[in-house]
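# Structural description and commentary
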Amino acid sequence: MQNNNTIPFIKAHGIGNDFVIIDLLNNQLEYNWYELAKKMCDRNFGIGADGLILVLPSAAADYRMRIINSDGTEPEMCGNGIRCFARYLLDNDLAGTSMTIETLAGVMKIDIIFEQALGTGFRVDMGRPILNAKDIPVNGFEDNVLSEQIDVDGEMHTITCVSMGNPHCIIYTDDVDSIHLEKIGPKIENHPTFPRKINVEFVQIMNNGEIKIRVWERGAGITLACGTGACASVAASILDKKIDRIPTIAHLPGGDLSIEWNENGHIYMTGPAEIVFTGTYCI
């Protein structure tokens, strides 16, 4: 730490979903992180990012991750963010090829995969998808929310809802690129059916092993990728019998993720993460 008016940071991204990372392992700084996230993530007046990640010690795992969205809200989990978190630890010799990370959605296990052709990848055990309406949460439904209808400003949408520690609403379409995401995304995110708001994924089934996704993230808006959203989309597509239960490539605007719903009931997400630059932010 250089002085009381600056804070060092790391900028990272997971297939275009970008984050500011602050290491608090050895210095428990006291800031209003919610307000600071909004300032640091601003793409015109700050560093620019979809969220702020805090690296913290943990009593329950190797490390603890907090993530705060660009609007100052705190989600339970972030799939691309946790890979960036692991990348930072790996690059700074703070972890080996396997680690556990505490999040608000529980403890996640990450394995690092080295492939000569593809570089370094991070395989995250994202746990079991949550399907019960009250646990996602979704109002007005009992049990699972599979291919149900909601009215959004007079237009009916068929939705399937899944939580990966944070809530997701999946809507199938024949052409994700034709969706006016900036208009429909916030309406669904803030729909009264979703008491804690919701992430929205429009999903196009390409074939039995590939899907294409566009994402409106709760608290961040349109992003190039969403790891938990990719997991939720694959789970929903399997449950709705759109694809078989096989390893699936999720194509997102920022890149691809490999998603597998294993026989043990857990979903595994594999993808890259990169450090972009480091710097010092003036408070």
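Right, let's walk through the structure included here. A quick note: this is a predicted structure, and the numbers were derived from the prediction, not measured. Residue indices begin from 1 for each chain and proceed along its sequence in written order. Local features are withheld for residues below a pLDDT of 70 in this predicted model, meaning they are given only at 70 or higher, and side-chain atom pairs are given and counted only at 80 or more; totals for whole chains, interfaces and linings count all residues. Calculated side-chain values reflect all of the structure's heavy atoms, with hydrogen atoms and water omitted.

## Section: the overall build of the protein
- Runs of H or I in DSSP of at least four residues are treated as helices and runs of E of at least two as strands, each being numbered from the N terminus. Regarding its fold elements, the protein presents four helices and 17 strands.
- Only C-alpha atoms enter the radius of gyration; for comparison, a globular chain is expected to reach 2.2 Å times N to the power 0.38, where N is the number of residues. Here the C-alpha radius of gyration of the protein, 18 Å, is about what a compact globule of 283 residues would show, namely 19 Å.
- Oriented by its inertia axes, the alpha-carbon framework of the protein measures out at about 55 × 40 × 35 Å.
- The cut-offs for exposure are 20% and 50% of the maximum accessible area for each residue type, with area from a 1.4 Å probe on protein chains only; residues under the lower value are buried, those over the upper are exposed, and the others partly exposed. Looking at the protein as a whole, 53% of its 283 residues are labelled buried.
- By definition, residues are in contact when any of their heavy atoms lie within 4.5 Å. By sequence separation, contacts in the protein at least 24 residues apart represent 62% of the contacts at least 6 residues apart.
- Values of accessible area rely on a 1.4 Å probe in the Shrake-Rupley scheme; residue burial ignores everything except the protein chains shown. If you sum the accessible surface of the protein, you get close to 12,300 Å²; carbon and sulfur atoms cover 47% of it.
- All tallies of charge rest on Lys and Arg as positive and Asp and Glu as negative; His and the ends of each chain are not included. For the purpose of locating charges, the reference atoms are NZ of Lys, CZ of Arg, CG of Asp and CD of Glu. Here the protein contributes 22 positively and 37 negatively charged side chains, and the mean placements of these two sets differ by 2 Å.

## Concerning the nonpolar core
- Counting residues in each nonpolar core, the largest one holds 54 residues, and the members touching the most others are I101, L252 and I259.
- Not counting the four nearest positions on each side in its chain, I101 is found in contact with A61, Y63, M65, I82, F85, L89, G106, V107, M108 and I110.
- Core analysis: the second largest hydrophobic core is formed by 20 residues, I136, V138, I150 and V176 among them. Side-chain atoms within 4.5 Å link the members of a nonpolar core, which is a set of buried Ala, Val, Leu, Ile, Met, Phe, Trp, Tyr and Cys residues.

## Considering the environment of I246
- Along the polypeptide, I246 turns up in the loop between α4 (227-239) and β14 (248-252).
- Considering only alpha carbons, one finds I246 and N80, 166 residues apart in sequence, at a separation of 21 Å.
- Dropping the residues within four chain positions of it, I246 is found in contact with N208, G209 and I259.

## Description of helix α2 (residues 79-91)
- Given a helix with a known number of residues, its expected span is that number minus one, times 1.5 Å. Here α2 is 13 residues long and its end C-alpha atoms lie 19 Å apart, about the 18 Å a rise of 1.5 Å per residue gives.
- For α2, a buried count of 12 out of 13 residues is recorded, marking the element as mostly surrounded by other parts of the structure.
- G79, N80, G81, I82, R83, C84, F85, A86, R87, Y88, L89 and L90 are the residues of α2 that are buried.
- Among the residues trailing α2, D93 stands out with phi positive, at a value near 55°.

## Looking at the packing of aromatic side chains
- Ring geometry is summarised as follows: Phe, Tyr and Trp rings, the Trp one being its six-membered ring, pair when their centres sit within 6.5 Å, and such pairs are stacked at plane angles under 30 degrees, edge-to-face over 60 and tilted between the two. Under the criterion given, the structure shown has two aromatic pairs.
- Judged by centre distance (6.0 Å) and plane angle (85°), the ring pair of F9 and F277 falls under edge-to-face. Of the two residues, F9 sits in strand β1 (residues 6-14) while F277 sits in strand β17 (residues 274-282), which places them 268 residues apart along the sequence.
- Taking the relative accessible area as the measure of exposure, F277 reaches 36% and is therefore partly exposed.
- Both rings, one in Y31 and one in W33, keep their centres 5.3 Å apart while their planes meet at 75°; by these two values the pair is edge-to-face.

## Structural notes on the pattern of salt bridges
- Salt bridges are defined as contacts in which a side-chain nitrogen from Lys or Arg sits within 4 Å of a carboxyl oxygen from Asp or Glu. With the rule as written, the count across this model stands at 12 salt bridges.
- We note a salt bridge from R43 to D18, for which the minimum N-O separation is 2.7 Å. Separated by 25 residues along the polypeptide, R43 in the loop between α1 (33-41) and β3 (51-56) and D18 in strand β2 (residues 17-23) bring together distant segments of the chain.
- Linking R196 and E76 is a salt bridge whose minimum nitrogen-to-oxygen distance equals 2.1 Å. In this pair, R196 sits in the loop between α3 (181-189) and β11 (199-207) while E76 sits in the loop between β4 (63-69) and α2, placing the two residues 120 residues apart along the sequence.
- Shared partners join several salt bridges into a network, and the residues in it are K11, D18, R43 and D50.

## Regarding the side chain of T193
- Within the element layout of this structure, T193 appears in the loop between α3 and β11.
- Looking at T193, its side chain comes within polar contact range of the side chain of H191, at 2.9 Å. For this analysis, a polar contact is any N or O atom pair within 3.5 Å, provided that within protein one partner can donate a hydrogen and the other can accept it, and provided that sequence-adjacent residues contribute only side-chain to side-chain pairs.

## Points about the state of the cysteines
- Cysteine sulfur atoms that come within 2.5 Å of each other are treated as a disulfide pair. A full pass over the atoms with the stated rule returns zero disulfides.
- Here C84 is not disulfide-linked; the sulfur of C78 is the nearest cysteine sulfur, at 7.7 Å.
- The class for C84 is buried, based on a relative accessible area of 0%.
- There is no disulfide at C161, and the cysteine sulfur nearest it, in C169, is 4.5 Å away.

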